[in-house]
Amino acid sequence: MIKHKIVLLGDASVGKTSIILRYSKNIFVPFQESTIGAAFSQLNTPLSKGGTFRLDVWDTAGQERYASLAPMYYRDAQGAIIVYDVTSRDSFERAREWVRDVKANALPDLQIWLCANKTDLTTQRRITTDTGSLFAEETSCKYAETSAKSNVGINELFTSIADAISER
Ligand code: GTP
């Protein structure tokens, strides 16, 4: 069976696990524990033309001490979701580094979604839509805005990934 491997990357606490939990179980955990190593899930994702498509998703740990493991997960992936927290400039800078690292080391046809999470925190927002989407455009990534807390943009993100990967 053909595997469609997707990896979530990004700084600690940007909301990678929360995005998966919202998508797979429709729950939000306000004090979600940090991922250790990486967590695997299989997601049956609807396609916009109808039908479903299975994605094998690796949710990696964002803490710096696990950073050296990440290439193991993204090297043979078809898609990467690189997440930052719109209230954290550091997490955006880290996402930029991830884009560079992934492009240098992954399969040439890997597609990247730059995902701006926590858009519900409007008053604390530091990274605007323009800044995020411009960087995505410059680096040929797709751009998505999400809130795992408010369930905004999550289904659209996974359907866009399933559509893009199933059409290749
Ligand atoms: P690591 O496992 O350490 O890499 O973190 P992570 O990127 O998986 O983040 P996680 O999902 O554990 O979320 C970190 C914290 O941010 C948790 O307390 C979540 O409840 C919170 N959080 C995640 N997504 C959102 C969001 O969209 N909005 C808000 N307000 N909080 C969020």
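These lines cover the structure that appears in this document, whether it is placed above or below. Owing to the predicted nature of the structure, the values given are computational and were not obtained by experimental measurement.

Packing of helix α3 (residues 89-105) against helix α4 (residues 129-138) brings their axes to within 12 Å, and their N-to-C directions diverge by 10°. With respect to their mutual orientation, α3 and α4 come out roughly parallel. Contact with α3, carried on its side by Phe92, Arg96 and Val99, involves Thr131, Gly132 and Phe135 of α4 and no other residues of that element. The residue makeup of the contact of α3 with α4, split by class, is three nonpolar, two polar and one charged.

Another point: helix α1 (residues 16-25). Among the 10 residues that make up α1, eight are buried, leaving the element largely enclosed by the rest of the structure. Buried within α1 are the following residues: Lys16, Thr17, Ser18, Ile19, Ile20, Leu21, Arg22 and Tyr23. On its buried face, α1 is in contact with β1 (5-10), β2 (38-46), β3 (52-60), β4 (79-85), β5 (111-117) and α5 (154-166). After α1 finishes, the residue asparagine 26 shows a positive phi value of roughly 55°.

Moving on, we come to the site of the ligand. In the vicinity of the ligand lie 25 residues, with Ser18, Pro30, Ser34, Thr35 and Gly62 positioned nearest. In the environment of the ligand, an oxygen atom lies 2.6 Å from a nitrogen or oxygen atom belonging to the side chain of serine 34. For the ligand, whose unbound accessible area comes to 650 Å², protein coverage reaches 92%. Per-element accounting of the shell around the ligand gives the leading share, three residues, to α1. Class assignment of the residues belonging to the shell around the ligand gives a composition of nine nonpolar, 10 polar and six charged.

Reading the values: the criteria
Residues numbered from 1 in each chain as written. Predicted model: local features only at pLDDT ≥ 70, side-chain atom pairs only at ≥ 80, totals over all residues. Heavy atoms only, no water. Axes fitted to C-alpha atoms, helices over the stretch in contact; angles between N-to-C directions. Helix = DSSP H or I, 4+ residues; strand = E, 2+ residues; numbered from the N terminus. Parallel < 35°, antiparallel > 145°, perpendicular 65-115°, else oblique. Contact = heavy atoms within 4.5 Å. Nonpolar A, V, L, I, M, F, W, Y, C, P; charged D, E, K, R; others polar. Buried < 20%, exposed > 50% of the residue type's maximum accessible area, 1.4 Å probe, protein only. Near = heavy atom within 4 Å. Polar contact = N/O pair within 3.5 Å; in protein donor to acceptor, adjacent residues only side chain to side chain. Areas by Shrake-Rupley, 256 points an atom, 1.4 Å probe, with all protein chains shown as cover.

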